[in-house]
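Summary of the model geometry
Given next are the chains, with one letter for each unit.
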Amino acid sequence: MQSAMIILNGKQSANPELRKAINHIRKDGHTILVRIPWEPQDTYEFIKDAIAQRIGTIIAAGGDGTINAVSTALMKFPTDTRPAMGILPMGTANDFANSANIPLDIEQALALAVKGKSTKIDLAQVNDHYYFMNMATGGFGTRITTETPEALKSALGGAAYVINGLLRPDTLKTDICKIEAENFNWEGETLVVAIGNGRQAGGGQQLTPDALINDGILNLLIVPSRDVIPAFLSNLFSSDKNEHLIQKTSSWIKISSPHDMVLNLDGEPLSGDTFTFKVVPNALQCRLPPQCSLLL
């Protein structure tokens, strides 16, 4: 029988569907522990205790921010001691889970997280200390995804971010930056920068639609400031690639700016004037469905 520790976003602590799903899987003989972090350090301490108890899987139960917290904490332990990671999508957007075809039904997702086959996946490392599993976004994308009203998101879905941005001229502020990657160098003003290990952010916006989480590369999207409106409208209403977007792949990316920028790493803000990204291949074992579209 499998053993797992659920690290649960506190907002979901009273979720009746989760309680029901945990009771069902416990009745099957599996050991399930539940922990709710109060302080940032708690996630690390919970995983440390799980390793000492030989728990086989750590399950991130929440949104993309919870996935980020759990995967980052796992990377602080030696490779040969890290438990596998499971994902229980219980956030607002669940961008990574949706891209990975993880069931949104709690009972099905928990069964996958506990009993599913584990697969080695990459993580992206930023400035040697920070990690993300899905996506880093900067500029217009970062501001819009954090400031779009919930009512608008409910009514319009992913398109709400674009429409809200176009109606909010105060958010259309450029970042001046230099972006380097393998055989690539670009300088200018941009409203959108995205570095994808996964494919989507902002509640369903496919910013790096060709990304895979086990190919050893990162996918880069740049939207120059002068082209932001035609680029986003084209991306919104057509699946075709267009000339307004700069798209590249690389195992490393460097962004530098004469001013402070803010990047969003799966929901966690990181500010600075220089960001160096690199792939950590085969960083974690993650329990994913057989039909996961993010795998080679």
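Residues numbered from 1 in each chain as written. Predicted model: local features only at pLDDT ≥ 70, side-chain atom pairs only at ≥ 80, totals over all residues. Heavy atoms only, no water.

1. What to know about the overall build of the protein
Stated formally: Comment: elements are numbered from the N terminus, with helices defined as DSSP H or I runs of at least four residues and strands as E runs of at least two. Working definition: with a 1.4 Å probe on protein chains only, accessible area under 20% of the residue-type maximum means buried, over 50% means exposed, and in between means partly exposed. Residues are treated as being in contact if the distance between any of their heavy atoms lies within 4.5 Å. Exposure was quantified through the Shrake-Rupley algorithm and a 1.4 Å probe, taking into account, for residues, occlusion by the shown protein chains and nothing else.
When you go through the protein residue by residue, the secondary structure sums to 9 helices and 15 strands. For the protein, with 296 residues in total, the buried portion stands at 52%. For the protein, contacts bridging at least 24 residues in sequence account for 72% of all contacts bridging at least 6. Per element, the accessible surface of the protein, about 13,300 Å² overall, is 50% carbon and sulfur.

2. Focus: the state of the cysteines
Stated formally: Throughout, disulfides are identified as pairs of cysteine sulfur atoms within 2.5 Å of each other.
Evaluation of the coordinates by the stated rule reveals 0 disulfides. Between C292, a cysteine without a disulfide, and C286, which holds the nearest cysteine sulfur, the sulfur-to-sulfur distance is 8.1 Å. We classify C292 as buried; its relative accessible area is 8%.

3. Thoughts on the packing of helix α2 (residues 40-52) against helix α3 (residues 64-74)
Note the cut-off: Every angle, taken between N-to-C directions, lies between 0 and 180 degrees, and every axis is a line fitted to C-alpha atoms, over only the stretch in contact when it is a helix. Roughly parallel refers to an angle under 35 degrees, roughly antiparallel to one over 145, roughly perpendicular to one between 65 and 115, and oblique to any angle outside these ranges. Helix crossings are classified by the rotation of the near helix relative to the far one: an anticlockwise turn of less than a right angle makes the crossing left-handed, while a clockwise turn makes it right-handed. Note on residue categories: nonpolar means Ala, Val, Leu, Ile, Met, Phe, Trp, Tyr, Cys or Pro, charged means Asp, Glu, Lys or Arg, and polar means any other residue, Gly included.
At a minimum axis separation of 9 Å, α2 and α3 run at an interaxial angle of 55°. By the angle between their axes, α2 is oblique relative to α3. Both α2 and α3 take part in a crossing whose hand is right-handed. Residues T43, Y44 and I47 of α2 touch α3, and the partners they reach there are A69, V70, A73 and L74. Residue composition of the contact of α2 with α3, by class: 6 nonpolar, 1 polar and no charged.

4. Focus: the packing of helix α1 (residues 16-27) against helix α5 (residues 106-115)
Packed helix pairs are specified by the crossing angle of their axes together with the interaxial distance, meaning the distance between the axes. One way to put it is that α1 packs onto α5 with a least axis distance of 9 Å and a crossing angle of 45°. Comparing the axis directions of α1 and α5 gives the class oblique. Handedness of the crossing formed by α1 with α5: right-handed. Contact residues: α1 offers E17, L18, A21, I22, H24 and I25, while α5 offers I106, E107, L110, A111, V114 and K115. Class assignment of the residues belonging to the contact of α1 with α5 gives a composition of 8 nonpolar, 1 polar and 3 charged.

5. Focus on the pattern of salt bridges
Applied cut-off: We define a salt bridge as a contact between a side-chain nitrogen of Lys or Arg and a carboxyl oxygen of Asp or Glu at a distance within 4 Å.
For the structure shown, the criterion picks out 1 salt bridge. Taking the shortest distance from any N to any O, the salt bridge between K278 and D128 comes out at 3.8 Å. A residue pair is termed long-range when its members are at least 10 positions apart, and K278 in strand β15 (residues 268-287) and D128 in the loop between β5 (118-126) and β6 (130-132) qualify at 150 residues. What makes K278 partly exposed here is its relative accessible area of 39%.

6. So, unusual backbone geometry
Although it is not a glycine, R54 sits at a positive phi angle of roughly 60°. With respect to the element layout, R54 can be found in the loop between α2 and β3 (57-62). Relative accessible area serves as the criterion here: at 75%, R54 is assigned to the exposed category. Although it is not a glycine, D128 adopts a positive phi angle of roughly 70°.

7. Some details on the nonpolar core
Going by this rule: By nonpolar core we mean a set of buried residues, namely Ala, Val, Leu, Ile, Met, Phe, Trp, Tyr and Cys, connected to one another through side-chain atoms within 4.5 Å.
Ranked by size, the top nonpolar core spans 51 residues in total, and within it M85, L88, L110, M133 and L284 carry the most contacts. For this core, the leading source of residues is α5, giving 6 residues. Core analysis: the second largest hydrophobic core is formed by 24 residues, A124, V126, L218 and L265 among them.

8. Digging into the side chain of N219
Examined against the element boundaries, N219 turns out to sit in strand β12 (residues 218-224). When residues no more than four places from it in sequence are discounted, the contact partners of N219 are A194, I195, G196, T208, D210, A211, K248 and T249.

9. A look at the pairing of β5
Note the following rule: When DSSP finds two or more bridges between two strands, those strands count as paired.
Looking at chain direction, β5 and β15 are connected through 8 bridges and run antiparallel. From the neighbouring strand, A124 faces β15, where its bridge partner is V279. By the bridge criterion, 3 bridges tie β5 to β6 in an arrangement that is antiparallel. Pairing of A124 across the sheet is with F132, part of β6.

10. Topic: the packing of aromatic side chains
Short version of the rule: Aromatic pairs are defined between Phe, Tyr and Trp rings, using the six-membered ring for Trp, whenever the two ring centres lie within 6.5 Å; interplanar angles under 30 degrees are classed as stacked, those over 60 as edge-to-face, and all others as tilted.
Here the structure, examined in full by the defined rule, presents 2 aromatic pairs. Ring geometry for Y44 and F77: centres 4.7 Å apart, planes at 15°, overall stacked. In this pair, Y44 is assigned in helix α2 and F77 in the loop between α3 and β4 (84-89), connecting sequence segments 33 residues apart. Residue F77 is classed as buried on the basis of its relative accessible area, which comes to 9%. With a centroid separation of 6.2 Å and 75° between ring planes, the pair formed by F132 and F277 is classed as edge-to-face. Linking F132 in strand β6 with F277 in strand β15, this pair joins segments that are 145 residues apart in sequence. Each member of the pair, F132 as well as F277, carries the same accessibility label: buried.

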